[in-house]
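Examining the three-dimensional arrangement
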Amino acid sequence: QVHLVESGGGLVQPGGSLRLSCAASGRLFVHNTLGWFRQAPGKQRELVADISNSGEINYANNVRGRFTISRDSANTVILRMNRLAPDDTAVYYCNAKVYPIRAPLETYWGQGIEVTVSP
């Protein structure tokens, strides 16, 4: 019931910046969290950052201070990535967690967008 449309990403040099955008639509309910995960080849998918509808934010330790997450009233979540390094190279996935009334947590994923940091 939740659809995620991602945009952004691409190839940047070390020290550069990128912006990722994810537009969420559908049945988000009152309590929800939008954010980004990433997965490099052969590695486990990991949380990058997320933000709840009430404004609570979580960052991975290795991106805190470099990345900034935000969302607007249209349920679009933005990830601003600064001072990118080769270790940031991965496929980035938009993620939505919704909390229906009297029902279990629901999790949704975008299709993924590639970010490559390389000379």
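Residues numbered from 1 in each chain as written. Predicted model: local features only at pLDDT ≥ 70, side-chain atom pairs only at ≥ 80, totals over all residues. Heavy atoms only, no water.

Moving on, we get to the overall build of the protein chain. Across its full length, the protein chain holds 0 helices and 11 strands. Scanning the protein chain from its N terminus toward the C terminus, one meets helices and strands in the order β-β-β-β-β-β-β-β-β-β-β. What you see for the protein chain is a C-alpha radius of gyration of 14 Å, in line with the 14 Å of a compact globule of 119 residues. Looking at the protein chain as a whole, 42% of its 119 residues qualify as buried. Excluding contacts between residues fewer than 6 apart, the proportion of contacts in the protein chain whose partners are at least 24 apart in sequence is 54%. Carbon and sulfur atoms make up 49% of the accessible area of the protein chain, which amounts to about 6,600 Å² in all. Computing the positive centroid from 12 side-chain charges and the negative centroid from 9, the protein chain places the two 4 Å apart. (Helix = DSSP H or I, 4+ residues; strand = E, 2+ residues; numbered from the N terminus. Rg over C-alpha atoms; globule rule 2.2 N^0.38 Å. Buried < 20%, exposed > 50% of the residue type's maximum accessible area, 1.4 Å probe, protein only. Contact = heavy atoms within 4.5 Å. Areas by Shrake-Rupley, 256 points an atom, 1.4 Å probe, with all protein chains shown as cover. Lys, Arg positive; Asp, Glu negative; His and termini not counted. Charge placed at Lys NZ, Arg CZ, Asp CG, Glu CD.)

With that out of the way, let us pick up unusual backbone geometry. If you check the backbone angles, F29 has positive phi at about 60° while not being a glycine. By the element assignment, F29 lies in the loop between β3 (18-26) and β4 (31-39). With a phi angle near 55°, R102 is a residue other than glycine that sits in the positive phi range. With respect to the helices, strands and loops of the structure, R102 is situated in the loop between β9 (90-99) and β10 (106-109).

Okay, the pairing of β4 next. Regular strands place side chains that alternate from one sheet face to the opposite one. Most of β4 is tucked away, with 7 of its 9 residues classed as buried. For β4 and β9, the ladder comprises 9 bridges, and the chain directions are antiparallel. From the neighbouring strand, W36 faces β9, where its bridge partner is C94. Relative to strand β5 (residues 46-52), β4 runs antiparallel, the two sharing 6 bridges. Residue pairing across strands places T33 opposite S52, the latter belonging to β5. From the end of β4 to the start of β5, which pair antiparallel, there are 6 residues, and G42 there has a positive phi angle of about 75°. (Pairing = 2+ DSSP bridges.)

Attention now goes to the packing of aromatic side chains. Following the criterion strictly, the structure yields 1 aromatic pair and no others. Both rings, one in F37 and one in W109, keep their centres 5.0 Å apart while their planes meet at 75°; by these two values the pair is edge-to-face. Separated by 72 residues along the polypeptide, F37 in strand β4 and W109 in strand β10 bring together distant segments of the chain. In this structure F37 comes out as buried when scored by relative accessible area, which is 14%. A cation over a ring is seen here: R45 above Y93, with NZ or CZ 3.8 Å from the ring centre. (Phe/Tyr/Trp six-rings, centres within 6.5 Å; stacked < 30°, edge-to-face > 60°. Lys NZ or Arg CZ within 6 Å of the ring centre and 35° of its normal.)

Of the pockets and cavities examined, the largest pocket occupies roughly 150 Å³. In this structure, the largest pocket is lined by R38, Q39, A40, K43, Q44, E46, N62, D87, T89 and A90. Split into classes, the residues belonging to the lining of the largest pocket amount to 2 nonpolar, 4 polar and 4 charged. (1 Å grid on protein atoms, 1.4 Å probe; cavity = no way out; pocket = protein on both sides within 12 Å on 5 of 7 lines; lining within 4 Å. Points joined across faces, edges and corners; volume = space filled by probe spheres on them. Nonpolar A, V, L, I, M, F, W, Y, C, P; charged D, E, K, R; others polar.)

Next up on the list: the sheet that holds strand β1 (residues 2-8). Pairing is antiparallel across the open sheet formed by 4 strands, whose spatial order is β1-β3-β8-β7. Each end of this open sheet is capped by a strand with a single partner; those strands are β1 and β7 (67-71). Taking the axes of each pair of neighbouring strands and ignoring which way they run, one obtains an average angle of 15° across the sheet. (Axes fitted to C-alpha atoms, helices over the stretch in contact; angles between N-to-C directions.)

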